[in-house]
Amino acid sequence: SDISQKGMPNSNYCAPCAVANLLSQFEHRGKLPARSTSEQLALRLGDSDHMETLDRNGTNRFRLVNGLHRWLDENAPGKKLQVEYTGLRLYDKSKLDPSLRENVIAQIGTPRVEHIARALSQGKGVAILFGSYRVDTATGTLIRLGGHYVAVVGIEINANGTTVVLHDSNDGLT
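The model shown is predicted, which means the values in this text are computed figures rather than measured ones.

Trainee: Outline the pattern of salt bridges, listing residues and values.
Mentor: What the rule picks out here adds up to four salt bridges. Note that Arg44 is salt-bridged to Asp47, the shortest N-O span being 2.4 Å. Of the residues examined, Arg44 reaches a relative accessible area of 33% and is grouped as partly exposed. For the salt bridge of Asp49 with Arg44, the shortest nitrogen-to-oxygen distance reads 3.8 Å.

Trainee: How would you summarise a nonpolar patch on the surface if you had to cite specific residues and measurements?
Mentor: The grouping of Tyr133, Val135 and Leu142 at the surface amounts to a nonpolar patch, some 310 Å² of accessible area in total. On the secondary structure map, Tyr133 appears in strand 3 (residues 126–135).

Trainee: Describe the pairing of strand 3, and please don't skip the residues or the numbers.
Mentor: Here strand 3 pairs with strand 4 (residues 142–158) via ten bridges, running antiparallel. Within strand 4, the position partnered with Val135 by the bridge is Leu142. Connecting strand 3 to the antiparallel partner strand 4 that follows it, the hairpin turn spans six residues, and Gly140 within it adopts a positive phi of roughly 80°.

Trainee: Account for the environment of Ala151, with residues named and values stated.
Mentor: In this structure, Ala151 sits in strand 4. Residue Ala151 is classed as buried on the basis of its relative accessible area, which comes to 0%. Measuring from C-alpha to C-alpha, the distance between Ala151 and Cys14 comes to 9.4 Å, with 137 residues separating the pair along the chain. Discounting residues that sit within four places of it in the chain, Ala151 has contacts with Ala18, Leu22, Val126, Ala127, Val165, Leu166 and His167.

Trainee: Go over the state of the cysteines with me, naming the residues and quoting the values.
Mentor: Tallying each qualifying case throughout the model produces zero disulfides. Left without a disulfide partner, Cys14 is nearest to the cysteine sulfur of Cys17, which lies 7.9 Å away. Given a relative accessible area of 8%, Cys14 falls into the buried group.

Trainee: Residues and numbers for the confidence of the model for the protein, please.
Mentor: Confidence in the prediction for the protein averages 82 pLDDT; 86% of positions are at 70 or higher. Within the protein, helix 2 (residues 38–45) carries the highest mean pLDDT (90), whereas strand 2 (residues 104–108) carries the lowest (67).

Trainee: Tell me about helix 2, residues and numbers included.
Mentor: Within helix 2, burial applies to Ser38, Leu41, Ala42 and Leu45. The buried residues of helix 2 all sit within an arc of 100° when viewed along its axis, so they share a single face. Residues of helix 2 that are buried in the fold lie against helix 1 (14–28) and helix 3 (61–75).

Trainee: How would you summarise the side chain of Asn66 if you had to cite specific residues and measurements?
Mentor: Mapping Asn66 onto the fold places it in helix 3. Aside from chain neighbours lying at most four places away, what touches Asn66 is Lys95, Leu96, Asp97 and Leu100.

Trainee: Lay out the environment of Ile3 with the relevant residues and their values.
Mentor: Relative to the helices and strands, Ile3 resides in the segment before helix 1. We classify Ile3 as buried; its relative accessible area is 1%. Expressed as a C-alpha distance, the spacing of Ile3 and Ala18, which sit 15 residues apart in the sequence, is 8.4 Å.

Trainee: Could you give me a rundown of the sheet that holds strand 4, with the residues and numbers involved?
Mentor: Adjacent strands of a sheet form backbone hydrogen bonds with each other and so pair up, either parallel or antiparallel. Spatially, 3-4-5 is the arrangement adopted by the three strands of the open sheet, whose pairing is antiparallel. Edge positions in the sheet fall to strand 3 and strand 5 (161–167), since each has one partner strand and no second. In this sheet, adjacent strand axes meet at a mean angle of 50° when their direction is disregarded. Where strand 4 and strand 5 come together, seven bridges link them in antiparallel fashion. Note that in strand 5 the partner of Glu156 across the bridge is Thr163. Here helix 1 sits on the sheet and contacts strand 3, strand 4 and strand 5; the angle it forms with strand 4, its principal contact strand, is near 20°. Where helix 4 (residues 113–121) meets the sheet, its contacts fall on strand 3, strand 4 and strand 5, and the angle it forms with strand 4 comes to roughly 55°.

How each quantity is defined
- Residues numbered from 1 in each chain as written.
- Predicted model: local features only at pLDDT ≥ 70, side-chain atom pairs only at ≥ 80, totals over all residues.
- Heavy atoms only, no water.
- Salt bridge = Lys/Arg side-chain N within 4 Å of Asp/Glu carboxyl O.
- Buried < 20%, exposed > 50% of the residue type's maximum accessible area, 1.4 Å probe, protein only.
- Patch = residues over 30% accessible without salt bridge, like charges linked within 9 Å, V, L, I, M, F, W, Y side chains within 5 Å.
- Areas by Shrake-Rupley, 256 points an atom, 1.4 Å probe, with all protein chains shown as cover.
- Helix = DSSP H or I, 4+ residues; strand = E, 2+ residues; numbered from the N terminus.
- Pairing = 2+ DSSP bridges.
- Contact = heavy atoms within 4.5 Å.
- Disulfide = S-S within 2.5 Å.
- pLDDT = per-residue confidence, 0-100.
- Arc of directions from axis to C-beta.
- Axes fitted to C-alpha atoms, helices over the stretch in contact; angles between N-to-C directions.

Structure below.
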């Protein structure tokens, strides 16, 4: 079930909530054993043994991948985690658990709708990290302020355009 990050230990639980929503979909389809409610799963994913979601800074992409890998090792032994990353900055694999490095496919570029559609059609879970920035008026450069994770739950591409359906755990709505 889709969950809200309201009621979580802090207001920065968007990553554990987005991933919990994706894992719940896999449980519902029988691809993972059912272990707990989505809320309990989000709390476990965000704890200090997994994603280490912080009060001030939330969950960075490295803690998200490492934490998800630890959770899978504990709850679905033998399931292999593969992460495809497309972003504007290089994904520094040295920050990942050594056993994960070979399973992260990273490329520089703008994530494209076609990648999302392909992943969903292959039954993969998709989470998006939206970054928020401001322009440094003195230098003209972008300064990252933070970000927000959402789960992608559907996509439709047709002659009228593209519709991407997101679940935003900030409000608990799709």
